[in-house]
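Observations on the three-dimensional arrangement
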Amino acid sequence: MPDTIKRKLLWATAVFWILLLYIIAALVWWFFSLEKQNRELYELRKETLVIKVPDQKSAAYQTEQANIEDKRRRNISKYIGEGSIFLLLIIIGAVFIYHSVRRQFRLQQQQQNFVMAITHELKTPISVSKLNLETLLKYQLSEEQQKKLLHMNLQETVRLDGLINNILISSQLEGGGYHAAKEELDLSDLVIAAISEFKTRYPERLVLSSIQPDADVNGDATLLKLLISNLLENANKYSSKEKPISCDLMQKDGALVLQVTDEGIGIDDDEKKKVFEKFYRIGSEQTRKTKGTGLGLYICKKIVESHKGTISVFDNEPAGTKFIVTLPQA
Ligand code: ADP
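About the thresholds
- Residues numbered from 1 in each chain as written.
- Predicted model: local features only at pLDDT ≥ 70, side-chain atom pairs only at ≥ 80, totals over all residues.
- Heavy atoms only, no water.
- Near = heavy atom within 4 Å.
- Polar contact = N/O pair within 3.5 Å; in protein donor to acceptor, adjacent residues only side chain to side chain.
- Areas by Shrake-Rupley, 256 points an atom, 1.4 Å probe, with all protein chains shown as cover.
- Nonpolar A, V, L, I, M, F, W, Y, C, P; charged D, E, K, R; others polar.
- Salt bridge = Lys/Arg side-chain N within 4 Å of Asp/Glu carboxyl O.
- Helix = DSSP H or I, 4+ residues; strand = E, 2+ residues; numbered from the N terminus.
- Contact = heavy atoms within 4.5 Å.
- Axes fitted to C-alpha atoms, helices over the stretch in contact; angles between N-to-C directions.
- Parallel < 35°, antiparallel > 145°, perpendicular 65-115°, else oblique.
- Left-handed = near helix turned anticlockwise from the far one by under 90°.
- Pairing = 2+ DSSP bridges.

Attention now goes to the site of the ligand. The environment of the ligand is made up of 19 residues, and the closest members are Asn234, Tyr238, Arg281, Thr293 and Leu297. Taking asparagine 234, its side chain carries an N or O atom lying 2.8 Å from an oxygen atom of the ligand. At 3.0 Å, a side-chain N or O of lysine 237 approaches an oxygen atom of the ligand. Protein chains bury 97% of the 530 Å² of accessible surface belonging to the ligand in isolation. A breakdown of the residues in the shell around the ligand according to their chemical character gives nine nonpolar, seven polar and three charged.

Next up, the structure:
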């Protein structure tokens, strides 16, 4: 976390605790002063009673005494009841504010990371493409060398395209600007096409797949392709190049189940939910080795939800992760 945000968070936390302790201290003080007032009133009533009815054994004295006791008891339960409700409301409010403030700071920090990451992510493919094109223009290269440079350019352009798609679609999905189509599609074809594009980009990578044919879904082809390609890109990014990636599609109990599995670094249990949050990336800027924006899985979740499906992540055996997407069958 950058120092300025850390300092602000420290300040906000300190002010929060001071205010909360002050409110609770005021509540305790209010409780004791009411208790004191009630006791004094009780003593006063008793003294007045002794003056008004000197015979302490008489029925009138006994009835009045019972009344005074009853009033005292009712007052006690009134301020204990009011105090407890007040304390409960303060605690609920405090928990709510505490979480909101922390969420706000985390979002601010993630947005800063995102801006840094995006600047880097946009600059790298452009610089690589520029350099490759300059080399192609300047030197007489063999056909093989030319192909290699063009292939690199294509890879960077596709990466840039994916990145821009992720940014555009995430803001459009949030702002309600993207209206997901609901047409009957063959998901099997989409998965096969996404795997084939992936193989063109990473020819050396082994992708195992088992695709059940004719898996029809009602949905948006662009979004579903982005979903599959984001999951494949992550499997590639977070596992070593020698390990295979699996992408399977099957029909199960009236639903379509898509599984993308890798044998990579895996995701700890306490991070499994967080990775679907916007801009969330595991680790810190200092420890991360991979490039990214923290938008990929957030968009996957949004896409799956807009298709009334579910997405979850599990541990793969013996290592890595398994993303399971279920979508309703058309
Ligand atoms: P990023 O652009 O950082 O890849 P994502 O939203 O796609 O953003 O993923 C969020 C985080 O989840 C990543 O930063 C990474 O730490 C973790 N993650 C995603 N996919 C995998 C995977 N297949 N294996 C291990 N970690 C993963």
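Moving on to the pattern of salt bridges. For side chains bearing opposite charge, pairing can occur when the charged atoms are close. The full count for this structure, using the stated rule, is 12 salt bridges. Ionic pairing is found between lysine 36 and glutamate 40, a salt bridge with its closest N-O pair at 3.8 Å. Of the two residues, lysine 36 and glutamate 40 both sit in helix α1 (residues 3–52), four residues apart, roughly one turn of that helix. Here arginine 74 and aspartate 70 are joined by a salt bridge, their closest N and O atoms 3.4 Å apart. Here arginine 74 pairs with aspartate 70, and both are found in helix α2 (residues 59–138), just four residues apart, close to one helical turn. In this structure, a network of salt bridges that share partners links the residues Glu35, Arg39 and Arg72.

Mapped onto the secondary structure, glutamine 56 falls in the loop between α1 and α2. Once residues within four sequence positions are removed from consideration, glutamine 56 is found in contact with Val50, Tyr61 and Gln62.

At a minimum axis separation of 10 Å, helix α3 (residues 143–175) and helix α6 (residues 296–306) run at an interaxial angle of 45 degrees. Classified by the interaxial angle, the pair formed by α3 and α6 is oblique. Read as a crossing pair, α3 and α6 show a hand that is left-handed. Mapping the contact onto sequence places Asn166, Ser170, Leu173 and Glu174 in α3 and Gly296, Tyr298, Ile299, Lys302 and Ile303 in α6.

Pairing between sheet strands relies on hydrogen bonds along the backbone, with the strands arranged either parallel or antiparallel. Strand order in the open sheet formed by five strands is β2-β4-β5-β7-β6, and the pairing between neighbours is mixed. Every interior strand has two partners, whereas the edge strands, β2 (207–211) and β6 (310–315), have only one. For this sheet, the mean angle separating the axes of adjacent strands, direction not counted, is 15 degrees. Relative to strand β7 (residues 321–328), strand β5 (residues 255–261) runs antiparallel, the two sharing seven bridges. Its bridge partner lying in β7, leucine 258 is registered against valine 325. In the packing of helix α4 (residues 187–201) onto the sheet, contacts are made with β2, β4 (245–252), β5 and β7, and the angle to β2 comes to roughly 170 degrees.

All quantities given are derived from atomic positions and should not be read as evidence of function.
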